[in-house]
4 protein chains.
Amino acid sequence: MSKPTVPELLAQPKEQVLEFLGKIYEHSAWIAEKFYQENIEKEDYDGNIQNVNDLFLAMQSIVDNSSTEEKLELLKAHPDLCAKIDQLKSLTEESQEEQSKAGLASMTDEERSKFGALNEEYKSKFGFPFILAARNATKYTVLSAIEGRVHLTRDVEFAGALVQVSKIAWMRLLAALDTSGHKGFLTCHVLDTQNGCPAEGMRIHLHRLSPPEHAGFVKEFITNDDGRLDGGPALKGEEFIVGTYEWTFYAGDYFARKNAKTSGVPFLNEIPLRFGIDDPAEHYHVPLLVSPWSYSTYRGS
Amino acid sequence: MSKPTVPELLAQPKEQVLEFLGKIYEHSAWIAEKFYQENIEKEDYDGNIQNVNDLFLAMQSIVDNSSTEEKLELLKAHPDLCAKIDQLKSLTEESQEEQSKAGLASMTDEERSKFGALNEEYKSKFGFPFILAARNATKYTVLSAIEGRVHLTRDVEFAGALVQVSKIAWMRLLAALDTSGHKGFLTCHVLDTQNGCPAEGMRIHLHRLSPPEHAGFVKEFITNDDGRLDGGPALKGEEFIVGTYEWTFYAGDYFARKNAKTSGVPFLNEIPLRFGIDDPAEHYHVPLLVSPWSYSTYRGS
Amino acid sequence: MSKPTVPELLAQPKEQVLEFLGKIYEHSAWIAEKFYQENIEKEDYDGNIQNVNDLFLAMQSIVDNSSTEEKLELLKAHPDLCAKIDQLKSLTEESQEEQSKAGLASMTDEERSKFGALNEEYKSKFGFPFILAARNATKYTVLSAIEGRVHLTRDVEFAGALVQVSKIAWMRLLAALDTSGHKGFLTCHVLDTQNGCPAEGMRIHLHRLSPPEHAGFVKEFITNDDGRLDGGPALKGEEFIVGTYEWTFYAGDYFARKNAKTSGVPFLNEIPLRFGIDDPAEHYHVPLLVSPWSYSTYRGS
Amino acid sequence: MSKPTVPELLAQPKEQVLEFLGKIYEHSAWIAEKFYQENIEKEDYDGNIQNVNDLFLAMQSIVDNSSTEEKLELLKAHPDLCAKIDQLKSLTEESQEEQSKAGLASMTDEERSKFGALNEEYKSKFGFPFILAARNATKYTVLSAIEGRVHLTRDVEFAGALVQVSKIAWMRLLAALDTSGHKGFLTCHVLDTQNGCPAEGMRIHLHRLSPPEHAGFVKEFITNDDGRLDGGPALKGEEFIVGTYEWTFYAGDYFARKNAKTSGVPFLNEIPLRFGIDDPAEHYHVPLLVSPWSYSTYRGS
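Fair warning: this is a prediction, and the values are worked out from it, not measured in the lab.

Turning next to the overall build of chain A. Regarding its fold elements, chain A presents 11 helices and 11 strands. Based on the C-alpha atoms only, the size of chain A along its principal axes is roughly 65 × 55 × 40 Å. Long-range pairs, those at least 24 residues apart, make up 70% of the contacts in chain A between residues at least 6 apart in sequence. Between the mean site of the 31 positive side-chain charges and the mean site of the 45 negative ones, chain A shows a separation of 4 Å.

See below:
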């Protein structure tokens, strides 16, 4: 069965909606129920929940406004990540292969043992399980995260763990819904900081690195006289897929045109810029400020 | 026969030195001769030319101090790049294969025709051939360079063409000499601009991308509490080879440790940073300033 | 009476130490008492608390390890900022004059009324008073802070308010202790991102802007061939005073030397860089990366 | 008499136009004559020279297309800067006072002597006088410039000196013409690199620092939800005056709103950003990328 859009989902009978949304927050179907009650069932509900952001924010506000005890229950409803890793490790090698190479199952015994000890320390210090929004996480992410977070104060980590929970919810919504009609788009801009002007005529390639089923070369662009891409956004509509991307900026060729003094092997030549798109409804502006000797980028607007 | 070091070269008989250095500047053996006369043959020569930089600077100063007419002759001694491309294109496909894929031989007829026209315009405007230090150049570099440079004033382009000539000389010296004992080295530093501190515990990989015979994974590093690499330079001595390199910074794992608010698919996760090392005798400091939403790098010191 | 150093303070009789430290956390002398008990009075206390950072961290860890109820009491022990503002506003104009111009007393009636409403909303939403570490705060800071923080979830704001409390404690310790023997120092570095090299020969001025009693021109520097300042740190020892500083980089003069193409009125000429020093025991590295068309700075290490 | 606009100037009789433009390039009235001949007097002249950029580019192309000998004559037509300084120094102190404090007349005897020696070296090496577009130059600029440029090769410095000549011409045109109807404008944008979003609600002040007759506070802005200024450009039309400007960004107040962890004395609080506007017909985009621990700016578009 194909994924529903948000309006299609909310148009279904209550029971089906609750079944669908009940899984978004781990073992905490009460959030979906309360969300439904306070929004969809409200007399004056005006249908304002149209996209995944609207839906997420409405559900998350149920969590935000719940009591400290309810929040603690929500945290406690999450499984022990350590147990999950052991389960993964017990799979046949073939099944493991399906997981990412650097994935959780590939933990060495030493790493597993270190994580186990930190996991115990974490649970006993804070009174709730270690939670990590793990879609793109490797064993290194997990170890790095717990090493840092185990040293925080309980107040800070309580708030931080709830952020992880909200991220998991967000990613589950993204995975379960059809967001192809959302309004997000990707743009670019290249500024030449050696000459103080837009970088005109720079060749740029865009690749999608993940999700695997959509990975590959997307398109070639040449910057216009304002250093931007002609023909509108680099990605929009159905092509604007949540995932990982990479620009390649052919900066060396551009600076050859500008008569720039560079070295024989240019310090900067092909510049890869890898970034993630997380929100199907937002504008991602991912520019490059570049001289032959330095560059910077940022999430712009 | 193995490549000589600079002292080994200069210890050879004059004839051999001149044969060796006579090819460094295209069809302009007079530069090597004058260099030899004014340095090695000088009564008070103290042997101060020890590495490739010393040698290059001494030869290049012959060019710098020559007359405008001599400089023009030097430029004119260079072959027509257009003819060279036609020659490459006439090779069998097998031979072409040995050239880089994006290499000059792969110019389409349209591109070749465009380049030919610009090349004629260039020669007739400036009175000397179009010169490009082309070791890492692709057809895109060549086209980009001539498109930009054909519009400069003659004074500016005359000076710029001489810079290309000096770059070619530099790269020929690098290719012909043994520089493995030179003192260059590579260092790194990671600053966390979200938290205003060194990024401690960030995993970094270093790969060498070229030259092909030395390409591959070099090493894994973990930043220390000052955001630097323990154990001295990342590369030095025989490992510090002129070529192209890439750091991979596992920034996503680092920020997971810092409890940073990031999106489900992190905007920045694995950050590739590709850079060239051109000078076997210099310090390359290639740092990263990074938040979950921005980063920058530069040739440091 | 002059301010004690940390060792001098801790060598005093218990009663005096507690009187001194009892004021550091607002109306919460129990923190100083517990600190004293768990550190100074411990049988195996080895005198390791030597500077203001050691002392602060030891006291703050009492707070961090206290119960949620104790933390809430600590927050509630703080006065109502709104009442304090009204008190300031009721002073004679002369007394107000002694406060900063943009200070809290200068709130207009409209601003006061807006702040009052937000303050009520804040207290009723969170159950504790709005706390802001206000040494350098103006009325704009206060309004900006409450506008943002009133919208956070209680968990996040509870943790955030405790951070404010710790900042106040830190600043009170700084104000009450003699830290002139601390080991902090200030360094600089200028990189030329147009030419990919250290900026040699750049003139730099350093001014201290606050505290008022130490404000004024500090020194002129010229960068050396590594883009750094000769003769060690720009500030150290008694000159390294907590306060606000400003570098002035004469970048226009530097680029005139480099033959850089710039406009008639340079886009960048004298570059002011204003920064605060907060910790008398740390290294502040405040560099400049600069081309004629762009610059950046950061807290380095 | 008030300054003419470009169309007003070009509508005057030939003689007057030549008198006006004849002074733009030092003692080289032939440039204005040739410009007039090849543009205004041409049968098919279509009146396309409408603003100061059009006029400058048309005159400068006369220079660019002149012979090497003519260019050398143009350089030689410039006065000796050393003699000019001596003349300034011989003025009464009162007259000197009218010059900038750090101005050329304030050279100490030692500095004058150093400059004199470099000036002689320069002239004898290159065969033309040292030229510096000096409107905003101080004695430091002059000394820095000649120290760097005296070491260049003649080809590079010949091209560079011509760039100085063109800058002087540009600034003389700007000073002599009414450009208040030109289309230039100033915009701003503030990105929060700690949180990966536009910085909403940041207070910004704009001051004009020069020219002296227009110096002063210009306006206060508050960034909108895209981090930009509401109500269009910060400056345009008659307010968009060639000169020096300074933004003050109240970043500390903004980050207080974002609940950012900062130090007691913020590392960054009020951020001054000083920049020059040189071209009355261009768009100046001068943004800020900022976290509590780092910032950068650049000439954008």
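Once chain C has been moved 0.0 Å along the axis and rotated by 180°, it coincides with chain D to within an RMSD of 0.1 Å. Read as a symmetry element, the transformation amounts to a two-fold axis. In terms of C-alpha distance to the rotation axis, chain C has Ser296 of chain C as its closest residue, with the C-alpha 2.0 Å off the axis. With an isologous cut-off of 70% or more, the 100% of interface residues of chain C that recur at the interface of chain D puts this contact in the isologous class.

A few words now on the packing of aromatic side chains. Scanning the model with the defined rule gives 62 aromatic pairs over all chains in all. Judged by centre distance (4.7 Å) and plane angle (75°), the ring pair of Tyr122 of chain A and Phe126 of chain A falls under edge-to-face. Placement of the pair is Tyr122 of chain A and Phe126 of chain A together in helix α8 (residues 109-126), with a separation of four residues, close to one helical turn. Among the residues examined, Phe126 of chain A registers a relative accessible area of 2% and is labelled buried. Summarising the aromatic geometry, the rings of Phe267 of chain B and Trp293 of chain B are spaced 6.1 Å apart at their centres and angled 20° between planes, so their arrangement reads as stacked. Residue Phe267 of chain B is found in the loop between α11 (251-257) and β8 (270-277), and its partner Trp293 of chain B is found in the loop between β10 (288-291) and β11 (294-298); the two are separated by 26 residues along the sequence. Feature note: the residues Phe221, Tyr245, Trp247, Phe249 and Phe275 of chain A together with Phe267 and Trp293 of chain B constitute an aromatic cluster, connected by ring pairs.

Superposing chain B onto chain A takes a rotation of 180° combined with a translation of 0.0 Å along the rotation axis, leaving an RMSD of 0.1 Å. A symmetric contact is evident, with 100% of the interface residues of chain B recurring at the interface of chain A.

Another point: the domain arrangement of chain A. Residue and element names in this part refer to chain A. We note that the domain assignment places domain 1 (6-176) and domain 2 (185-296) within chain A. Computed over C-alpha atoms, the centres of domain 1 and domain 2 are 34 Å apart. Taken residue by residue, the interface counts five residues in domain 1 and five residues in domain 2. Taking both sides of the interface into account, the surface hidden between domain 1 and domain 2 amounts to around 380 Å²; carbon and sulfur atoms contribute 52%. Considering only the side of domain 1, the residues that lose the most area to domain 2 are Asn53, Trp170 and Leu174, jointly responsible for 77% of the buried surface there. On inspection of domain 1 and its partner domain 2, the count reaches zero salt bridges. On the surface where domain 1 and domain 2 come into contact, there are two residue pairs in polar contact (both at pLDDT 80 or more). Among the elements of the structure, α4 (52-64) and α10 (154-176) are those that each provide at least two residues to the side of domain 1 that touches domain 2. When its residues are assigned to classes, the side of domain 1 that touches domain 2 shows three nonpolar, two polar and no charged.

Contacts between the two partners involve 52 residues from chain C and, on the opposite side, 52 residues from chain D. Scanning the region where chain C abuts chain D turns up four salt bridges. With its nearest N and O atoms 2.7 Å apart, the salt bridge here joins Glu147 of chain D to Arg257 of chain C. Here chain C and chain D share 19 residue pairs in polar contact (both at pLDDT 80 or more) between them.

Conventions adopted
- Residues numbered from 1 in each chain as written.
- Chains lettered and ligands numbered in written order.
- Predicted model: local features only at pLDDT ≥ 70, side-chain atom pairs only at ≥ 80, totals over all residues.
- Heavy atoms only, no water.
- Helix = DSSP H or I, 4+ residues; strand = E, 2+ residues; numbered from the N terminus.
- Contact = heavy atoms within 4.5 Å.
- Lys, Arg positive; Asp, Glu negative; His and termini not counted.
- Charge placed at Lys NZ, Arg CZ, Asp CG, Glu CD.
- Least-squares fit on C-alpha atoms with pLDDT ≥ 70 in both.
- Phe/Tyr/Trp six-rings, centres within 6.5 Å; stacked < 30°, edge-to-face > 60°.
- Buried < 20%, exposed > 50% of the residue type's maximum accessible area, 1.4 Å probe, protein only.
- Domains from an automatic or database assignment.
- Buried area = accessible area lost by both parts, 1.4 Å probe.
- Salt bridge = Lys/Arg side-chain N within 4 Å of Asp/Glu carboxyl O.
- Polar contact = N/O pair within 3.5 Å; in protein donor to acceptor, adjacent residues only side chain to side chain.
- Nonpolar A, V, L, I, M, F, W, Y, C, P; charged D, E, K, R; others polar.

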